[in-house]
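Topology and contacts: notes
Residues per chain are reported as follows:
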Amino acid sequence: MKRLIALVMLASFSTFAITGCNTMAGAGKDVQKAGQKVEKKAEDCKDGKC
């Protein structure tokens, strides 16, 4: 019985860890895209195209 509980807990933890990593990777990509847009706008303003 203890072994079954341990396996269920391990499976649950693994699922949460994998989901968390995917979520953070997606958030990182979103932040990176936003940063690129800000950088492009800054370059446009620097060139007098604002």
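What comes next concerns the included structure. (Residues numbered from 1 in each chain as written. Predicted model: local features only at pLDDT ≥ 70, side-chain atom pairs only at ≥ 80, totals over all residues. Heavy atoms only, no water.)

**Points about the overall build of the chain**
Cut-off, in case you're wondering: Put simply, DSSP H or I for four residues or longer makes a helix, DSSP E for two residues or longer makes a strand, and each gets a number counted from the N terminus. To get the radius of gyration, use the C-alpha atoms; to get the globule rule, take the number of residues to the power 0.38 and multiply by 2.2 Å. When accessible area is computed with a 1.4 Å probe and restricted to protein chains, residues below 20% of their type maximum are described as buried, those above 50% as exposed, and intermediate ones as partly exposed. Using a 1.4 Å probe, accessible areas were evaluated by the Shrake-Rupley method; residue-level cover was limited to the displayed protein chains.
When you go through the chain residue by residue, the secondary structure sums to 1 helix and 0 strands. Taken over the C-alpha trace, the chain has a radius of gyration of 22 Å; the compact-globule value for 50 residues is 10 Å, which it surpasses by more than 25%. Buried residues in the chain amount to 0% of all 50 residues. Within the structure as shown, the chain displays about 4,800 Å² of accessible surface, and the carbon and sulfur contribution to it stands at 67%.

**Some thoughts on the pattern of salt bridges**
Applied cut-off: Just to be clear on terms, a salt bridge is a Lys or Arg side-chain nitrogen sitting within 4 Å of an Asp or Glu carboxyl oxygen.
Counted by the stated rule, this structure contains 2 salt bridges. The salt bridge partner of Asp 44 is Lys 40, with a shortest N-O separation of 3.5 Å. Within this pair, Asp 44 and its partner Lys 40 are both found in helix 1 (residues 2-46), separated by 4 residues, close to a single helical turn. Given a relative accessible area of 22%, Asp 44 falls into the partly exposed group. The exposed category is assigned to Lys 40, whose relative accessible area is 53%.

**Overview of the environment of Ala 34**
Relative to the assigned elements, Ala 34 resides in helix 1. The spatial distance from the C-alpha of Ala 34 to the C-alpha of Thr 23 is 17 Å, given a sequence separation of 11 residues.

**Re helix 1**
As a reminder of what qualifies: One less than the residue count of a helix, multiplied by 1.5 Å, gives the span that helix is expected to have.
Look at helix 1: 65 Å from first C-alpha to last across 45 residues, which is about the 66 Å you get at 1.5 Å a residue. Phi turns positive, to about 85 degrees, at Gly 48, one or two residues after helix 1.

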